[in-house]
Amino acid sequence: MIAVEDLTVAYEDVVAVEGIDLSVDAGRFVTVIGPSGCGKTTLLRAVGGLETPTRGRVRVDGDPPERAQQRANVGFVFQRHTLLPWKTALENVTFLRRLAGKPPDPDGARDLLERAGLAGFADARPAALSGGMRQRVAIARALHLGADVLLMDEPFGELDELTRETMGLEVRRVWRGERKTVLFVTHSVPEAVLLGDRCVVVRGSPGRIVDSIDVDLPRPRDRDVLESDPFQERVAAVRAALSGGAT
Ligand SMILES: Nc1ncnc2c1ncn2[C@@H]1O[C@H](COP(=O)(O)OP(=O)(O)O)[C@@H](O)[C@H]1O
Ligand SMILES: [Mg+2]
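Residues numbered from 1 in each chain as written. Chains lettered and ligands numbered in written order. Predicted model: local features only at pLDDT ≥ 70, side-chain atom pairs only at ≥ 80, totals over all residues. Heavy atoms only, no water.

This next bit is on the packing of helix α3 (residues 89-99) against helix α4 (residues 106-115). Packing of α3 against α4 leaves a shortest axis separation of 10 Å and a crossing angle of 125 degrees. Taken as axis vectors, α3 and α4 run oblique relative to one another. Of the two possible hands of crossing, α3 and α4 adopt the one that is right-handed. Residues A89, L90, V93 and T94 of α3 form the contact with α4, whose own contacting residues are A109, R110 and L113. (Axes fitted to C-alpha atoms, helices over the stretch in contact; angles between N-to-C directions. Helix = DSSP H or I, 4+ residues; strand = E, 2+ residues; numbered from the N terminus. Parallel < 35°, antiparallel > 145°, perpendicular 65-115°, else oblique. Left-handed = near helix turned anticlockwise from the far one by under 90°. Contact = heavy atoms within 4.5 Å.)

In structure tokens:
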């Protein structure tokens, strides 16, 4: 589980987030939505141990983030892909897992690439791939690491609509199958509602949590759910929270 208590993170001249309390139970999928600059990336980086809290504390399955990192219990998908340019797509997917000392699983890696629509690109280097394809490799890498906790920062931002939907299904499939704990940042309201058990709305500067909307809709969520009234009601509630209106 992820436990964030009274978290404030300040950079030199700007307080990015303030007083964040957030708890994600093991196996839950929580989405974070908010306007650009409200501190979503900062929050995720603090949970991943990449930013040091100015105040408050973070625990990942009971560990400080740095320890969770060492144990390879946290997988990260950044807003922009971070592949090693000299490695092939397949090597990029497998190397983090190898680095973490986990048992190799080349078949699993190929399988993930295939499901990411990259079966024919296992031996291609990042320079030969489009931005969206690289991002899919980065997502496959995070899933292949086998961490219990996944932190995803607008991972579908560069993807076209169709691929976005396919990757969304894939992330949810893995999440359901392996009961991962996911904290997922997005700027798309429908995506936040579709993917989340709960949608946390962050606003302001410094960013604070202004609302948390339960999305108690049946899973798997298919097209029928998307068009249903309860789904649209949650979407409206998130939009209202984002614009500061009453929900
Ligand atoms: N490394 C940094 N140094 C200084 N300020 C930063 C840094 N990273 C982010 N900020 C500032 O912190 C605030 C929150 O940024 P960020 O977490 O990236 O928001 P979001 O991901 O919601 O767009 C912004 O005002 C941004 O300019
Ligand atoms: Mg960001």
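From this point, the narrative continues.
Attention shifts here to the pattern of salt bridges. Within this structure, the stated rule accounts for 10 salt bridges. Note that R71 is salt-bridged to D63, the shortest N-O span being 2.4 Å. A residue is classified by how much of its surface remains accessible, and R71, at 44% relative accessible area, is partly exposed. For D63, a relative accessible area of 15% puts it in the buried group. A salt bridge links D216 to R234; the nearest nitrogen and oxygen atoms lie 2.6 Å apart. Taken together, the residues span a long stretch of sequence, with D216 in the loop between β9 (208-214) and α8 (223-226) and R234 in helix α9 (residues 229-243) at a distance of 18 residues. Through salt bridges with shared partners, a single network forms among R28, D197 and R219. (Salt bridge = Lys/Arg side-chain N within 4 Å of Asp/Glu carboxyl O. Buried < 20%, exposed > 50% of the residue type's maximum accessible area, 1.4 Å probe, protein only.)

Counting 32 residues, the largest nonpolar core has V137, I139, M152 and F156 as the members making the most contacts within it. Per-element tally for this core: the top contributor is helix α5 (residues 131-145), with seven residues. Of the domains in this structure, domain 1 (2-73 + 149-243) and domain 2 (83-146) are the two that each give at least three residues to this core. Membership of the second largest hydrophobic core comes to 26 residues, among which are L44, V58, V60 and L151. (Core = buried A, V, L, I, M, F, W, Y, C linked by side-chain atoms within 4.5 Å. Domains from an automatic or database assignment.)

Bringing the site of ligand 1 into the picture now. As a matter of local geometry, ligand 1 sits amid Y11, V14, A16, P35, S36, G37, C38, G39, K40, T41 and T42. One of the side-chain nitrogen or oxygen atoms of K40 is found 2.8 Å away from an oxygen atom of ligand 1. Protein burial of ligand 1: of its 560 Å² of free accessible surface, 60% is covered by the chains. If one sorts the elements of the shell around ligand 1 by residue count, helix α1 (residues 40-47) sits on top with three residues. For the shell around ligand 1, the per-class residue count stands at five nonpolar, five polar and one charged. (Near = heavy atom within 4 Å. Polar contact = N/O pair within 3.5 Å; in protein donor to acceptor, adjacent residues only side chain to side chain. Areas by Shrake-Rupley, 256 points an atom, 1.4 Å probe, with all protein chains shown as cover. Nonpolar A, V, L, I, M, F, W, Y, C, P; charged D, E, K, R; others polar.)

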